[in-house]
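Given next are the chains, with one letter for each unit.
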Amino acid sequence: MVTKTLKKKRVLKQGMLENVMRQFNHAADSIDLNPNIRKILEMTNNELVVHFPVRMDNGEVEVFTGYRVQHNNALGPYKGGLRYHATVDIDAARALAMWMTWKTSLAGLPYGGAKGGIQLNPKKYSHSELERITRRFTYALGDNIGPELDIPAPDVNTNAQTMAWILDTYMSTKPPAERSMNMHVVTGKPIGAGGSEGRDRATGYGVFLTIKFWAEQKKVDLRNRKFIVQGFGNVGYWTSHFLEKEGAILTAVQDASGTILNEKGISVDSLLAYSDANNRSIYGFAGAKSLDSSEFFGLDCDIIVPAALGNQITADNAKKIKAYLIAEGANGPTDVEAEEILLKKGIDIIPDILCNSGGVIGSYFEWLQNRNGEIWQLDEVMAKLEKKLKESFFKVMETAKIRNVDMRSAAFIIAIERLEEAYVQRGIFP
Amino acid sequence: MKNYKRSVCSTCSYVSFCSLTTDKSNISSCSEYLHRLDEEYPQITKVPIEILRSSDGENNKNLVLI
């Protein structure tokens, strides 16, 4: 009985890591990656596990376990989120850290990849307990993070407030004269505490831009094109907002509460207002009718934006898809079997690693502003984001054409080749 | 928590009626993820009555019908 339980747990635990490794191996094989560099990239550089005590509101002391995995820093300081969740463990952190390395490399940023967090169920703790947990975790991490070493960002159950606590604690451990030199130890801060304009919309704007670049490349006019969005959170909303501004028509939305459809168009801002007033639920919106969730991906439309969960487009629903473009706002929304079916049908997929990279590029801009003592206006941030994303997008299109591969393979090839180049040029110490 | 040990769904406010996926066992990120602490006031989840009828009702003690 015990053996069975352990076996099952191992399979589940390795799922995410296996998926990341499979994508890496596929790209590494196709570029015939130097075997020594493959050895390096298969492993994480550093894995830190910290156990730290925190006094609870009732006076008792509880000991927490925190993680920080630093996968690779060949291109620059480690970068990646910190999450507070019961599922945080070393395997999850490894997989997500590796994922960050490919993402920052593809985006052409001077960053490596990292991920971490604390294993806890945050609903069990008060606001002030979470503040003490965050501050003590930051202290436990000590100089293993730093503005030029490893730069955390928000993730599941962490937000701008969490980043402000980390910043404040980290700065407090430095001599007075050095404190203000450390503003860029975290990104995703509140604007008043060194955050950047536009960080809220960066991911969604990035998704929109990749769709726009794709349309330009294919000579498709986005005006009056129908699009559907899964997930009406930050990414789903901002993507819809910018697509609507470009003249495209939002015809269906799916979120946790249900699916709505109006073939004549759904007003994005009216839906947001309804959702805000209705506990973040789109169900019951007067400007559309409700629909069975299983029909969503088969709806008649031109563009699908999955911006919620992973593994949503599967072999079952891929056959029914009528759109000619899928823009992956979420991480891993298309599974392997579905991707094969879609590519055979001639449907283009803008891969997640490219499509939703606007967020990390926005983080980079925040880091740069703090580092250089600058404050950029919103239009400046958006213009720079467009320039940066355009470079990545057309590099992916070019590589896909030259190597005759799909966009996802091209994106991984670019990411890994950039790392390979860094290692070849720098060599291995000593 | 017991059912979705490897998933962020385990602490999501929408878990009892989420229509995004039937497989909530291994979800590592979700733009719809909403934690109780994100809200200023205690969570009052509004769900359509059709969904309540189709669910087993186990998690619906705190739900408000609309």
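Per an unreviewed UniProt entry, chain A carries the name Glutamate dehydrogenase and comes from Maribacter cobaltidurans. Per its UniProt entry, chain A bears the Sequence similarities (unreviewed entry) comment "Belongs to the Glu/Leu/Phe/Val dehydrogenases family."

Draft legend 1. Structural view of the nonpolar core. Residue and element names in this part refer to chain A. In terms of nonpolar packing, the biggest core is built from 85 residues, with Leu41, Trp102, Ile211 and Ile350 touching the most fellow members. Looking at which element gives the most residues to this core, the answer is helix α14 (residues 407-426), with 11 residues. Shared between two domains, this core holds at least three residues of each, these being domain 1 (44-178) and domain 2 (202-350). Setting aside residues no more than four positions away along its own chain, Ile350 makes contact with Thr210, Ile211, Trp214, Leu325, Ile326, Ala327, Glu328, Cys355, Phe393 and Met407. Residues Phe137, Ile145, Leu167 and Met171 belong to the second largest nonpolar core, which totals 22 residues.

Draft legend 2. How the structure looks around the interface of chain B and chain A. Listed as interface residues are 34 residues of chain B and, on the opposing side, 36 residues of chain A. Of the roughly 3000 Å² buried at the junction of chain B and chain A (both faces included), carbon and sulfur atoms supply 53%. There are one salt bridge connecting chain B and chain A. For the pair chain B and chain A, the interface holds 14 residue pairs in polar contact (both at pLDDT 80 or more).

Draft legend 3. Structural detail: the packing of helix α6 (residues 202-218) of chain A against helix α12 (residues 358-372) of chain A. All names here are of chain A. The contact between α6 and α12 brings their axes to 7 Å, and the two run at 125 degrees. As judged from the angle between their axes, α6 and α12 are oblique. Taken as a pair, α6 and α12 cross one another with a handedness that is right-handed. Between α6 and α12, the contacting residues are Ala202, Thr203 and Gly206 on the first element and Gly358, Gly359 and Gly362 on the second. Split into classes, the residues belonging to the contact of α6 with α12 amount to one nonpolar, five polar and no charged.

Draft legend 4. The arrangement of the sheet that holds strand β12 (residues 348-350) of chain A in detail. Residues and elements named next belong to chain A. Overall, mixed pairing links the seven strands, which are arranged β9-β8-β7-β6-β10-β11-β12 in an open sheet. At either end of the open sheet lies a strand with only one pairing partner, and these are β9 (289-291) and β12. Strand-to-strand twist in this sheet, taken as the mean axis angle between neighbours without regard to direction, amounts to 20 degrees. With three bridges connecting them, strand β8 (residues 258-261) and β9 associate as antiparallel partners. Its bridge partner lying in β9, Leu261 is registered against Lys289. Sheet strands in contact with helix α7 (residues 234-245) are β6 (226-230), β7 (249-255) and β10 (303-306), and its direction is about 170 degrees off that of β6.

Draft legend 5. Layout of the sheet that holds strand β1 (residues 46-55) of chain A. All names here are of chain A. Pairing in this open sheet of five strands is mixed, and the strands run β1-β2-β4-β3-β5 from one edge to the other. Edge positions in the sheet fall to β1 and β5 (150-154), since each has one partner strand and no second. Between one strand axis and the next, the sheet turns through 25 degrees on average, direction left out of account. The pairing of strand β2 (residues 61-72) with strand β4 (residues 113-119) spans six bridges and is classified as antiparallel. Counterpart to Arg68 in the pairing with β4 is Gly116.

Draft legend 6. View of the confidence of the model for chain B. Of the residues in chain B, 48% reach a pLDDT of 70 or more, and the chain-wide mean stands at 65. Of all secondary-structure elements in chain B, the lowest mean pLDDT belongs to strand β2 (residues 64-65) of chain B, at 38, while helix α1 (residues 49-54) of chain B reaches the highest, 42.

Draft legend 7. Expanded view of the pattern of salt bridges. Residues and elements named next belong to chain A. Tallied over the entire structure, the rule returns 21 salt bridges over all chains. Salt-bridge contacts for Lys189 lead to Glu366; the nearest nitrogen and oxygen are separated by 2.8 Å. Placement of the pair is Lys189 in the loop between α5 (160-172) and α6 and Glu366 in helix α12, with a sequence separation of 177 residues. The same class applies to Lys189 as to Glu366, namely buried. Among the salt bridges present, the one from Arg403 reaches Glu417, with a minimum N-O distance of 2.5 Å. With Arg403 in helix α13 (residues 378-403) and Glu417 in helix α14, this pair connects stretches of sequence that are 14 residues apart. Residue class for Glu417 comes out partly exposed when judged on its relative accessible area of 28%.

Calculation notes
- Residues numbered from 1 in each chain as written.
- Chains lettered and ligands numbered in written order.
- Predicted model: local features only at pLDDT ≥ 70, side-chain atom pairs only at ≥ 80, totals over all residues.
- Heavy atoms only, no water.
- UniProt positions renumbered as here; feature names shortened; annotations may be inferred.
- Core = buried A, V, L, I, M, F, W, Y, C linked by side-chain atoms within 4.5 Å.
- Buried < 20%, exposed > 50% of the residue type's maximum accessible area, 1.4 Å probe, protein only.
- Helix = DSSP H or I, 4+ residues; strand = E, 2+ residues; numbered from the N terminus.
- Domains from an automatic or database assignment.
- Contact = heavy atoms within 4.5 Å.
- Buried area = accessible area lost by both parts, 1.4 Å probe.
- Salt bridge = Lys/Arg side-chain N within 4 Å of Asp/Glu carboxyl O.
- Polar contact = N/O pair within 3.5 Å; in protein donor to acceptor, adjacent residues only side chain to side chain.
- Axes fitted to C-alpha atoms, helices over the stretch in contact; angles between N-to-C directions.
- Parallel < 35°, antiparallel > 145°, perpendicular 65-115°, else oblique.
- Left-handed = near helix turned anticlockwise from the far one by under 90°.
- Nonpolar A, V, L, I, M, F, W, Y, C, P; charged D, E, K, R; others polar.
- Pairing = 2+ DSSP bridges.
- pLDDT = per-residue confidence, 0-100.

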